[in-house]
Amino acid sequence: MSTDPSPDFGSVDRLELPHHSFEAEAQQLDAADALAPHRDAFVGSDSSLIYFDGNSLGRPPRATAERLARFVTEEWGGRLIRGWDEAWMELPFVIGDRIGALALGAASGQTVIGDSTTVLLYKMLRAALDAQTARDPERVEIVVGRDDFPTDRYLVEGIAAERGARVVWIDVDTTRGVDADLLRAAVGPRTAVVLLSHVSYRSGFLADGAELTAVAHRAGALVLWDLCHSAGSVPVELDAWGADLAVGCTYKYLNGGPGSPAFAYVAARHHAALTQPVQGWMGAADVFSMGPQYRPAEGMRRFLSGTPPVLAMIAMQDTLDLLDDAGIGAVRAKSVALTEFAVRVADGILSPLGVRLASPRDAAERGGHVTLSHPAMRAVTARLWKGDVIPDYRDPHGLRIGLSPLSTSFSETLTGMRAVAEAVRAES
Ligand SMILES: Cc1ncc(COP(=O)(O)O)c(C=O)c1O
């Protein structure tokens, strides 16, 4: 069913390398792509719109429309309040465990669906800082990258002010991210917790999870991983890394829908020692006995606060089914092939126009998106959106090409990048 559109961007062809047809290459890559049939599972994959922003908001799976309708009529409408006892109370843990198994390398009982990413990051960071300073009052520093996603930086500053902690900033090359050498220079005997992005939202830089976790641990610090741009795209091995805590979005590569709630991971060895700051009844040991005082529940329940957003967490299950079928290894292999192709096309048709790659060139250091830099990219993005080619823009001068392995084809990638070239020419 998937028909890739080929609008007339022919004038850009003459910029391609001689004797090299990206068209033929895209067709060959699509023909050899074992995940290609999954593309039809997404709403809009048969339209002419080019979607390069699945790293911000994933396309909806077709099965989700039916799942949501069924939920309203059968579960919510049919079971009413009984639904809580029958299924919904456990849903945050059931879906959390599935994400843990399929995408995070996390054994069961350590992942839960909770609040928004921002709120969960706040809860985890506060819990980690408080536990560390209780253990050792000298540990009052929070380490974070100066180019991390705004919410991460703002939270760190807010928590530092609230708890009398100190922020240690890591300056980074904005076409990369925090690596082991930079982290080694920032941590020490006063470090309580390190907040790290696995895949940088700006450059797509892919951090070495095992190595960075080990660097932080050697300094006696805890690590909180922001997995927003890796969950469902890049394999994560939280248990094998020895990670402490992690939080990630579900509306990007997990296609949970606009504002779907985030997941949190806490390694089992930390459950008893961590107390999160938003003590609500859903995190209490005695939820329905409505006891006089808050006593945190055992295990991951203690990281919940209020009533779980059930409606908002059901959509992501369709992508988890697809991920179960495809396997995260195959998803990553296609993601690498897509970004490699995008880099080759950028070198062929965009670099002659003055466009610069603002992502790592080595696929082993790159997640699922490629950032391209040119002074006209803000205007280029606006022009592209009008023509139904949808990347996104990040200052300074960065156009992000987000390539969702389950819903993006190589031909779609080529057509969209040719449109980028046309728009750069028009706006330069
Ligand atoms: C890397 C990263 N961290 C945190 C967030 C914040 O997520 P939310 O707005 O769902 O709280 C985002 C959102 O895009 C993100 O990309």
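Per chain, the residues get numbers from 1 upward, laid out in the order the sequence is written. Local features in this predicted model are restricted to residues of pLDDT 70 or higher, and side-chain atom pairs are both shown and tallied only at a pLDDT of 80 or more, whereas totals for entire chains, interfaces and linings draw on every residue. The side-chain figures draw on all heavy atoms in the structure; neither hydrogens nor water molecules are used.

Novice: For this particular structure, what's the right way to read the site of the ligand?
Specialist: Neighbouring residues of the ligand: S116, T117, T118, F149, T151, D152, D226, C228, H229, Y251 and K252. Pairs of N or O atoms are called polar contacts if they sit within 3.5 Å, as long as, within protein, a hydrogen donor faces a hydrogen acceptor (for residues adjacent in sequence, only side-chain-to-side-chain pairs). T118 places a side-chain nitrogen or oxygen 2.5 Å from an oxygen atom of the ligand. One nitrogen or oxygen atom from the side chain of Y251 is found 2.6 Å from an oxygen atom belonging to the ligand. Coverage of the ligand by the protein chains reaches 84% of its 390 Å² of free accessible surface. Numbering of helices and strands runs from the N terminus; a helix is a DSSP stretch of H or I covering at least four residues, while a strand is a stretch of E covering at least two. For the shell around the ligand, the elements supplying multiple residues, two or more each, are α5 (117-135) and α6 (150-163). In this text, near means that some heavy atom of the residue lies within 4 Å of the molecule or strand in question. Per-residue accessibility takes into account occlusion by the displayed protein chains alone, with areas from the Shrake-Rupley method and a 1.4 Å probe.

Novice: I'm lost on the side chain of D33 in this one. Help?
Specialist: In this fold, D33 is placed in the loop between α1 (22-32) and β1 (50-51). D33 sits in the buried class, given a relative accessible area of 12%. Within the structure, D33 has its side chain in polar contact with the side chain of K334 (distance 2.7 Å). Contact between two residues is taken to exist if any of their heavy atoms lie within 4.5 Å; hydrogens are not considered. The contacts of D33, once residues within four sequence positions are left out, are K334 and F410. With a 1.4 Å probe rolled over the protein chains alone, any residue whose accessible area is under 20% of its type maximum counts as buried; one over 50% counts as exposed, and the rest are partly exposed.

Novice: Would you explain the sheet that holds strand β5 (residues 191-197) in this entry?
Specialist: For two strands to pair, DSSP has to find at least two bridges joining them. Reading across from one edge, β2-β8-β7-β6-β5-β3-β4 is the order of the seven strands in this open sheet, with mixed pairing throughout. Here the strands that pair on one side only, and so sit at the sheet edges, are β2 (111-113) and β4 (166-170). For this sheet, the mean angle separating the axes of adjacent strands, direction not counted, is 20°. As defined by bridge partners, strand β3 (residues 141-145) adjoins β4 across five bridges and the pair is classed as parallel. The partner of V143 across the bridge, within β4, is V168. Under this scheme, a helix contributes an axis fitted over its contacting stretch, all axes are lines through C-alpha atoms, and angles between N-to-C directions fall in the 0 to 180 degree range. Packed onto the sheet, helix α8 (residues 209-218) meets β5 and β6 (222-226) and runs at close to 150° relative to β6.

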